[in-house]
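Working through the structure, step by step
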Amino acid sequence: MGDLLLVRHGETEWSLSGRHTGRTDVPLTDNGREQARRLAPLIARHHIAAAFVSPMQRARETARLAGVGGARVDADLCEWDYGGYEGVTTVEIQRSRPDWFLFRDGVAPGPPEHPGEGPEEVGERADRMLAKIDAALAESEGSVVVVSHGHFLRVLTARRLGLPASAGALFQLSTGTMSRLGTEHRRHVVAGWNVRPDAYCSHGSLAAGEAGPDGH
């Protein structure tokens, strides 16, 4: 079975400022577009059998600039629906809820068009997405790439590893990075995480200090 490549979209103004960006369709910044372009050689190292992308423009533009062609748009790859916390930073939320933690507590209810999701609901979407990914992997010897969003990809990773959705908290993920989930002895494992293109030496091996935190 091939690998599962996870690409978090490039930087946006909201990711830069730490605002929770779920269903608000914000564009990439110029730096975000450059991050996406620089992912292209990293992705090209793999034989891609299938690709999926979130419908949000920040993900679709990242896929295009990173050379991910023919990606199927899938709403299950949307970011966590933050409900009443859409556009709000963690610091602002914790002024009234000091112990608030997204992966445990979920979000405040929002309007009917985006009411909000709890960790388990995001986990259910991740499970549906993994079933589609596994079907694509079974049809080819290549890898599957998905271009999506930080918190959703963290939950997807947790579910891939057989962990509860809340364990997504353990997998910090920066904008404009690629991660790789593979197998070892037929068990799912993290084979590469939060890798930026500049983490590679000229001969293609990992350089020291592959990535640091970037936004929320």
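Residues numbered from 1 in each chain as written. Predicted model: local features only at pLDDT ≥ 70, side-chain atom pairs only at ≥ 80, totals over all residues. Heavy atoms only, no water.

On to the pairing of strand β4 (residues 143-148), then. Where a strand is regular, its side chains alternate between the two sheet faces. A large share of β4 lies buried, amounting to 6 of its 6 residues. Residue alternation in β4 divides its side chains into two sets, S143, V145 and V147 and V144, V146 and S148, and both sets are buried. Pairing between strand β1 (residues 4-8) and β4: 5 bridges, direction parallel. Among the inter-strand pairings, L6 is bridged to a residue of β4, identified as V146. With 5 bridges joining them, strand β2 (residues 48-53) and β4 adopt parallel strand pairing. Residue pairing in the sheet places F52 in a bridge with V146 of β4. (Buried < 20%, exposed > 50% of the residue type's maximum accessible area, 1.4 Å probe, protein only. Helix = DSSP H or I, 4+ residues; strand = E, 2+ residues; numbered from the N terminus. Pairing = 2+ DSSP bridges.)

This part covers the pattern of salt bridges. Per the stated rule, a full pass over the model turns up 13 salt bridges. Taking the shortest distance from any N to any O, the salt bridge between D76 and R128 comes out at 2.7 Å. Of this pair, D76 sits in the loop between β3 (72-73) and α4 (90-96) while R128 sits in helix α6 (residues 119-138), and the two are 52 residues apart along the sequence. Here D105 ties to R104 by a salt bridge, and the two come within 2.8 Å at their closest N and O atoms. Residues participating in the shared-partner salt-bridge network are D30, R33, E61 and R64. (Salt bridge = Lys/Arg side-chain N within 4 Å of Asp/Glu carboxyl O.)

Another point: the side chain of E11. Along the polypeptide, E11 turns up in the loop between β1 and α1 (13-17). At 2.6 Å, the side chain of E11 forms a polar contact with the side chain of T29. Reaching out from E11, the side chain makes a polar contact with the side chain of N31 at a distance of 3.2 Å. Setting aside anything within four residues of it in sequence, one finds E11 in contact with L16, L28, T29, N31, G32, Q35 and T175. (Polar contact = N/O pair within 3.5 Å; in protein donor to acceptor, adjacent residues only side chain to side chain. Contact = heavy atoms within 4.5 Å.)

A few words now on unusual backbone geometry. Note: most residues except glycine have negative phi, and most peptide bonds are trans. Not every positive phi belongs to a glycine, and R186 is a case in point at roughly 65 degrees. Mapped onto the secondary structure, R186 falls in the loop between β5 (177-184) and β6 (187-195). Judged by relative accessible area, which is 83%, R186 ranks as exposed. With a phi angle near 55 degrees, N194 is a residue other than glycine that sits in the positive phi range. Tracing the chain through its elements places N194 in strand β6. With a relative accessible area of 5%, N194 lands in the buried category.

A word on the packing of aromatic side chains. Here the structure, examined in full by the defined rule, presents 4 aromatic pairs. For the pair W80 and F103, a centre-to-centre distance of 5.5 Å together with 85 degrees between the ring planes defines the contact as edge-to-face. One end of the pair, W80, is in the loop between β3 and α4; the other, F103, is in helix α5 (residues 102-105), with 23 residues separating them in the sequence. Judged by relative accessible area, F103 falls into the buried class, the value being 4%. Measuring from ring centre to ring centre gives 5.5 Å for F171 and W193, while their planes differ by 55 degrees; the resulting arrangement is tilted. One end of the pair, F171, is in the loop between α7 (150-160) and β5; the other, W193, is in strand β6, with 22 residues separating them in the sequence. Judged on exposure class, the residue F171 and its partner W193 are both buried. (Phe/Tyr/Trp six-rings, centres within 6.5 Å; stacked < 30°, edge-to-face > 60°.)

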